[in-house]
Structure formats: C-alpha cells, structure tokens
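Coordinates in review
In case you want the letters, here they are:
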Amino acid sequence: MTDETVRPPADENAVRLYGEDFDQRPKDFFERMRREHGPVVPVLLEGDIPAWYVIGYREVNHVTGNPALFARDTRRWNAWDMVPENWSLLPFVGWNPSVMLAEGEEHHRRSAAISDALDAVDRTELAGICERVADHLIDEFAGDGEADLGSQFADRLPPMVMVGIFGVPDAEVPDMIRDIQAVAGSDESAVAAYQRLQETMRRLAETRRAHPGADVTSRLLQHPAGYTVDELISDLIPMLSAGTLPTGHWIGNTLRLMLVDDQFAVTLQGGRGSVTQALNQVLWEDTPSQNNIGRFAVRSCELAGRKIRPGDMLILGWAAANADPQVQPPAQGASAGNRAHLSFGHGDHGCPYPAPELAEVVARTAVEVLLDRLPDIELAVKPDELLWLPSFWVRRLASLPVRFTPAMTPH
C-alpha cells in the first residue's frame, strides 16, 4: 500500500450514522448535517468505521454517473481491516458475484437480462394479481373494525405478489420473507439470515432450471445472456429484496401520509385521484430506500471540497439528497408531476427498467383497493405516536394501527 491509499483516521468531526435522531427524525438530522458539513459528510458507521455520506443531490448524481471514478466493487474498500466478522452491514458490503457489485460489460450483460425478464411481466395481469391478494388480506381483518396496516397488509402484499412472478414455492415464502426482513433490519441476525437466503435461492434456481415456468427466474436461466445458477443465486436475493420490502414500505408510508395529511381527505372518502400524488410525495419525503453502500473511490479526487482517497467508501444518501433544498425548496413541496427524486437510484446501478414501473403498479393497486374496501378508515392513535423502526437501509413504520366500520366479507 502506498501512502496515498492508506486509510485516513476518522475525521474528528465525524457524525455517527446511527441512533435515535437518525431513525426517528431524519429530516432534522439531514438538515443539521448539511448545515454543519455541507453535501459530503464524514461519518462513522456502526463500530465507528469511517466513510463519506453523500447527501447533496448534485453530488449523488455526480458519483452515480461516474462509474470510472466511483466504482461498485466493494473489494476496493480500504477499511476492511476494521470490519468485525458479524458486522450487521456485512450482507450489503461483503463482496459477492451479484449484478449489484458487477462492473463494466459484466454488469451490462446481466442487468440487460434482468430488464428483459421483468419487462415480460404483463402489467394488467400484475394489477389483477395485486387486487386479488389485496382483497384476500383485507378479508382477514375487514370484519374486525381495526387492523395494523403494516403487518397485516402493506408488509404482506408485495411478497405474496412477487413470489408468483419469480416462481417461489409457497412453502418457502414465510421463511424467505423473514430472512429478507432480518437482513434489512441490520441487526446481529443479518449475516445468518443472508446465508439462509442464499440456500433458498439455490433451491429456487435449481428447481426452475429442471422445471422452467412462466416466471422471471426461468426467463433469466433461458436468456441469451447465459446466466449460470451461481450467478442467478447472487442476483435473486437483491431482486426479491428490492421487489418486496421497499414496495411494502412504500405502501405503508403512503397510507400513513394519506391518514395524517388533510390534503388527501377526499381520497380517503372513496376517491382515487390523489393516490398517485401521495405515492410520489412519499418517494420525496419518506422514501422506503434511505441509503446505499455505496461506491468506492478508484483514485484520489475531490468531491464538494473533500479529499477522497482511493478505496474510500461513499454512502449514497437517497433520502437526504431528496431533501436537498436546492432541488426541493420547502415552500415548493413535492408534486405529482415531479419525479426527479432519487428513490430508485441513479446511473448504471439504478433500479433496472421496468422495476420502478412494476413496483408502482403493485403499490398503487394496493392502496386503491384498500380505500375502496374501507372508505372510512382512520388512525387509531395520534400521528405523533407512530414510530419508525431503526434501520440503516429502509424507512418503515413499526406499526400503522387503524380503525374503521366493520365490513362484511364474502367468505
């Protein structure tokens, strides 16, 4: 190692990127960091491991748009010697041969195949599946007059829809979802959960290779890109995780917004006109995907006046960048037509087409069906009693308790 590549000591003014303020009051947290440090912030991850937190909208776009300077392969990181064996963030930082960490032609080959496999999903059929799943879930609690829309509806619907799209056997679904949630929770169980997910995906890939069907997994194995089973195992985990957890949190966060914001009162009385606006506003203000690790500097450079060394980690702050006053002035607010948010990422490693479109079909259909079925729904607690679960990756409510007039169900 040359002097240039030696990892510097943590900045004496580094901000700890964990704790109650980060979890419960992110807007205030981002505003304070921006005021005190600017668009690129020296931070400490759990275990006091140093990194750079990119929270400026322009700076995030610059980093994600320059893969030759800020690359994706985590093996470039210059702080691996500081990482404990069971580090909670390891599942998302440890190198693996997935499309998420691939670069250049290898990344293009596999991301193009993923786009093709997803694009074959019929949108009308997908909306129909969502309607049936939503009705089934609502039937389970409609007669009770109360429910937790997080655990009983928003969290359950996307996995129940996605498993069919990917060809996951019904028997595997409960354990798979539990493990995906454990990995996203960033606690001590994350590493073991990730290892179990790998075995689940191996069984799925081998089953679909032997018995292909009309699903994304089968289409990837049959694609001219020449996917191997090992490559597919590595790619199915982020694909299923990104297709289930953030979409569920998007639904939950949107329902929360519509229940606490008077702007959407008409929609809650049975209308549909503001659902798309609410979904988009959430992506600006409470995006399910908060952060991404990240990028790693290929060589020395400067970013917003900060000296970045080769191998330095840059954490992409999607939520913080969306809150950048340069692109989202407080007086303007988010609008249904402004989709310049970074909630689906940006650049070569952004969410592949048409994943955002499919996620919106699922989220919009879920919200619309719920409002049609339970038009007088209201919060069962005060808005300030709703708490956000601690997570480095996602923004998710601990619960969303509601009450409504009990409704008759067809079963």
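Cut-offs and rules
Residues numbered from 1 in each chain as written. Predicted model: local features only at pLDDT ≥ 70, side-chain atom pairs only at ≥ 80, totals over all residues. Heavy atoms only, no water. Pairing = 2+ DSSP bridges. Helix = DSSP H or I, 4+ residues; strand = E, 2+ residues; numbered from the N terminus. Contact = heavy atoms within 4.5 Å. Axes fitted to C-alpha atoms, helices over the stretch in contact; angles between N-to-C directions. Disulfide = S-S within 2.5 Å. Buried < 20%, exposed > 50% of the residue type's maximum accessible area, 1.4 Å probe, protein only. Core = buried A, V, L, I, M, F, W, Y, C linked by side-chain atoms within 4.5 Å. Parallel < 35°, antiparallel > 145°, perpendicular 65-115°, else oblique. Left-handed = near helix turned anticlockwise from the far one by under 90°.

1. Observations concerning the sheet that holds strand 6 (residues 291-297)
Across the sheet, 6 strands lie side by side as 1-2-3-9-6-4; this open sheet has mixed pairing. Looking at which strands have only one partner, the edges of the open sheet turn out to be strand 1 (15-16) and strand 4 (70-71). Sheet topology note: the strand 1/strand 2 (residues 40-45) ladder contains 2 bridges and is parallel. From the neighbouring strand, Arg16 faces strand 2, where its bridge partner is Leu44. Running at roughly 125 degrees to strand 9 (residues 313-317), helix 3 (residues 57-64) makes contact with strand 2, strand 3 (49-54), strand 4, strand 6 and strand 9 of the sheet.

2. Observations concerning unusual backbone geometry
The bulk of non-glycine residues show a negative phi, and the bulk of peptide bonds are trans. A cis geometry characterises the amide bond from Ile293 onward to Gly294, with omega recorded as -15 degrees. Along the polypeptide, Gly294 turns up in strand 6. For Ala304, which is not glycine, the phi dihedral falls at a positive 55 degrees. By secondary structure assignment, the location of Ala304 is in the loop between strand 7 (301-303) and strand 8 (306-308).

3. Observations regarding the sheet that holds strand 5 (residues 146-148)
Strand order in the open sheet formed by 3 strands is 5-11-10, with antiparallel pairing between adjacent strands. Edge positions in the sheet fall to strand 5 and strand 10 (378-379), since each of these pairs with one other strand and no more.

4. Comments concerning the state of the cysteines
Defined simply, a disulfide is a covalent bond joining two cysteines at their sulfur atoms. On inspection of all chains with the given rule, the structure shows 0 disulfides. Cys130 supplies the cysteine sulfur nearest to Cys351, a cysteine that is in no disulfide, at a spacing of 16 Å. Note on Cys351: relative accessible area 34%, which makes it partly exposed.

5. Side note on the nonpolar core
Taken as a class, soluble globular proteins show a tendency for nonpolar side chains to be buried jointly. Within the largest apolar cluster, 84 residues are counted, with the highest numbers of intra-cluster contacts made by Phe153, Leu157 and Phe166. Per-element tally for this core: the top contributor is helix 12 (residues 229-260), with 14 residues. When residues no more than four places from it in sequence are discounted, the contact partners of Phe166 are Leu118, Leu204, Asp215, Val216, Thr217, Leu236, Met239 and Leu240. In terms of nonpolar packing, the next biggest core, distinct from the first, is built from 28 residues, Val15, Phe22, Ile293 and Ile315 among them.

6. Some remarks on the environment of Arg109
Along the chain, Arg109 falls in helix 5 (residues 104-119). With relative accessibility at 21%, the residue Arg109 sits in the partly exposed group. As for Arg109 and Val99, which are separated by 10 residues in sequence, their C-alpha atoms are 9.1 Å apart.

7. Here's the deal with the packing of helix 5 against helix 12
At their nearest, the axes of helix 5 and helix 12 sit 12 Å apart, and the two run at 60 degrees to each other. On the basis of their axis angle, the class for helix 5 and helix 12 is oblique. Taken as a pair, helix 5 and helix 12 cross one another with a handedness that is right-handed. Facing helix 5, whose interface residues are Glu106, Arg109, Arg110 and Ile114, helix 12 presents Glu231, Ser234, Asp235 and Met239.

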